[in-house]
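Residues per chain, in single letters:
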Amino acid sequence: MKVYADNAATTYLSKTARDKFIECLDNFNGNPNSLHSDGQRTQEVLDEAREIVAGCINAAKTNEIYFTSGGSEADNQALLSAARGLSKKGKKHLITLNIEHHAILHTMAKLEKEGFEVTYLAPESNGIVDPQKVADAIREDTALVSVMFANNEMGAIQPIPEIGKICKEKGVLFHTDAVQAAGHLPIDVQAMNIDMLSMSGHKFHGPKGCGVFYARNGIRLVNVIEGGAQERGKRAGTVNVPAIRAMAEALKEACDNMEPNMTRVAALRDRLINGLKDIPYSQLNGDPVKRLPGNVNWSFEGVEGESLLLHLDMYGIECSSGSACTSESLDPSHVLLGMGVPIEAAHGSLRFSLDIDNTEEQIDYIIEKVHYVIDYYRSMSPYWEDLQTGKRQHCVPEHWEA
Ligand SMILES: *Cc1c(COP(=O)(O)O)cnc(C)c1O
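These numbers come from a predicted model, not from an experiment.

As assigned here, the chain comprises domain 1 (15–256) and domain 2 (258–389). Here the C-alpha centroids of domain 1 and domain 2 sit 29 Å apart. Of the residues lining the interface, 30 residues belong to domain 1; the matching set on domain 2 comes to 26 residues. Carbon and sulfur atoms supply 58% of the area buried between domain 1 and domain 2, which totals about 2200 Å² over both sides. For the interface between domain 1 and domain 2, the tally reads zero salt bridges. Linking domain 1 with domain 2 are 13 residue pairs in polar contact (both at pLDDT 80 or more), by the criterion used here.

This part is about helix H1 (residues 15–27). Taking 1.5 Å of rise per residue, the 13 residues of H1 would be expected to cover 18 Å, and the 18 Å separating its terminal C-alpha atoms lies within 8% of that figure. Those residues of H1 that fall on the buried side of the exposure criterion are Ala17, Lys20 and Cys24. With its buried residues spanning 65 degrees around the axis, H1 presents them on a single face. In this structure, H1 carries Lys15 and Asp26 as exposed residues pointing more than 90 degrees from its buried face. Among the structural elements, helix H2 (37–57) and helix H7 (241–256) are those in contact with the buried residues of H1.

Bringing the sheet that holds strand S9 (residues 282–284) into the picture now. Taken together, three strands build an open sheet; the order of strands is S9-S10-S12 and the sheet is antiparallel. A strand with exactly one partner marks an edge of an open sheet, and here the two such strands are S9 and strand S12 (349–353). Strand-to-strand twist across the sheet, computed as the mean angle between neighbouring axes with direction ignored, equals 20 degrees. Two strands pair when backbone bridges link them, and strand S10 (residues 295–300) and S12 are joined in this way by five bridges, in the antiparallel orientation. Bridged to Trp298 within S12 is Leu350. Running over the sheet, helix H8 (residues 258–276) touches S9, S10 and S12 and is turned about 15 degrees from S10.

Turning next to the pattern of salt bridges. For the structure shown, the criterion picks out 21 salt bridges. Residues Lys133 and Glu124 are paired through a salt bridge, measuring 3.2 Å at the closest nitrogen-oxygen approach. Its relative accessible area of 34% is what places Lys133 among the partly exposed residues. Here Arg271 ties to Asp364 by a salt bridge, and the two come within 2.9 Å at their closest N and O atoms.

Right, let's talk about the sheet that holds strand S8 (residues 211–215) for a bit. Spatially, the seven strands line up as an open sheet ordered S2-S8-S7-S6-S5-S3-S4, and their pairing is mixed. Each end of this open sheet is capped by a strand with a single partner; those strands are strand S2 (65–68) and strand S4 (117–121). Here the average twist between neighbouring strands, direction ignored, is 20 degrees. In this structure, strand S3 (residues 93–97) lies alongside S4, joined through five bridges in parallel fashion. Looking at the pairing, His93 lines up with Glu117 of S4.

Once that is clear, we can look at the pairing of S3. Consecutive residues of a regular strand have side chains that alternate between opposite faces of the sheet. Burial runs high along S3: five of the five residues are buried. Of the two faces of S3, both are covered, the one formed by His93, Ile95 and Leu97 as well as the one formed by Leu94 and Thr96. Judged from the four bridges that link them, S3 and strand S5 (residues 142–146) form a sheet pairing that is parallel. The residue bridging His93 from the neighbouring strand is Thr142, located in S5.

On to unusual backbone geometry. Within the chain, Arg232 stands out as a residue other than glycine whose phi angle is a positive 55 degrees. Mapped onto the elements of the fold, Arg232 is located in the loop between S8 and H7. Under the relative-accessibility criterion, Arg232 is labelled partly exposed at 48%. Backbone geometry places Tyr281, a non-glycine residue, at a positive phi of 50 degrees. With respect to the helices, strands and loops of the structure, Tyr281 is situated in the loop between H8 and S9.

Along the chain, Asp177 falls in strand S6 (residues 173–177). The buried charged residue Asp177 lacks any salt bridge, with Lys203 as its nearest oppositely charged partner at 7.4 Å. Separated by 3.0 Å, the side chain of Asp177 and the backbone nitrogen of Val179 make a polar contact. The contact partners of Asp177, leaving out residues within four places of it in the chain, are Asp75, Glu100, His101, Ile104, Val147, Met148, Phe149, Ala150 and Ser198.

On the surface, Tyr372, Tyr376 and Met380 cluster together into a nonpolar patch covering about 310 Å² of accessible area. Along the chain, the position of Met380 falls in helix H12 (residues 360–380).

Parameters and conventions
Residues numbered from 1 in each chain as written. Predicted model: local features only at pLDDT ≥ 70, side-chain atom pairs only at ≥ 80, totals over all residues. Heavy atoms only, no water. Domains from an automatic or database assignment. Contact = heavy atoms within 4.5 Å. Buried area = accessible area lost by both parts, 1.4 Å probe. Salt bridge = Lys/Arg side-chain N within 4 Å of Asp/Glu carboxyl O. Polar contact = N/O pair within 3.5 Å; in protein donor to acceptor, adjacent residues only side chain to side chain. Helix = DSSP H or I, 4+ residues; strand = E, 2+ residues; numbered from the N terminus. Expected span 1.5 Å × (residues − 1). Buried < 20%, exposed > 50% of the residue type's maximum accessible area, 1.4 Å probe, protein only. Arc of directions from axis to C-beta. Pairing = 2+ DSSP bridges. Axes fitted to C-alpha atoms, helices over the stretch in contact; angles between N-to-C directions. Lys, Arg positive; Asp, Glu negative; His and termini not counted. Patch = residues over 30% accessible without salt bridge, like charges linked within 9 Å, V, L, I, M, F, W, Y side chains within 5 Å. Areas by Shrake-Rupley, 256 points an atom, 1.4 Å probe, with all protein chains shown as cover.

Here's what the structure looks like:
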């Protein structure tokens, strides 16, 4: 059986998005900046995409939507804009979480080298930050708070409306990396007091290399890409209209079906959680309830996540042992360590990210094979033997309970 359970890394293009992509490739090949008819027809398609995206997150104006090359670029632009724009007013402090995506963390590190000061808040052990900690970290010279909507590795959903309210009251800009949330959880930038937000097409069944940067009007933006006057002068480069229009179609499809999709996918997630919880000395990472509908992140003591992943792949099960970016190095995930998961448990973790195409049959197959590979690798693991003989201490309780 083939089971794709790595939707947090990327999703497949939906049929609706694919059809729209092809339709645009065939019919709208003009440059939307050209003044002739072909260009203007293409411009209309681009406007349509902007309207759809604005509607899906309840942006007040369509001109608050900028199309980018993806979530990473949007994250970079949000942080650089807030930092560079406000440093002129003496605001040189930024706040974020230690469990953010590297598109945030590496941009923050770059800003630190330029003289900015960054506070990295740690979440509680359930992966969720206490909004009071955010409030307490805000200073006179704070330019921006950037807190992700939902975590890509362990799925915890952050208290975005609460943080938005705090930032509004304190007059600090608020950005959220909503790449994992867009199309999967309801987002309302106005009600949630979100000033800037990042999205990525390929995380909600749209095309890769295509994303959205939402910035409320009135925020001074800094370009990541300099050149022509596309995207109101804030993002140069001829726009990829077919990809953008297909992304908008994918987002609309996801938002139109959000309620039933969330219910169905969360039921699959909980079926998997229930099926894994009898494995001794293992645990679910991240809040069991306030988590993405499709995310299951599990740590098993005495085994290596990479071996499990490769073995499961032989059975046709595709999952992840961390985020795709960290799977190139064998260091354990900064997210799991950042929320206090012991390093030994972080080494033996797997992430299954489910979506609408998964079935109950597939979940039962994952449960069966995970039991098998855990027994197999534990039976050969000197580390596991040390735990059995008491030479080493367990760091995860024998029975995990929600
Ligand atoms: C995938 C992802 C990104 C990066 O998006 P790209 O479009 O691949 O650049 C950023 N943040 C989070 C939380 C993600 O999951």
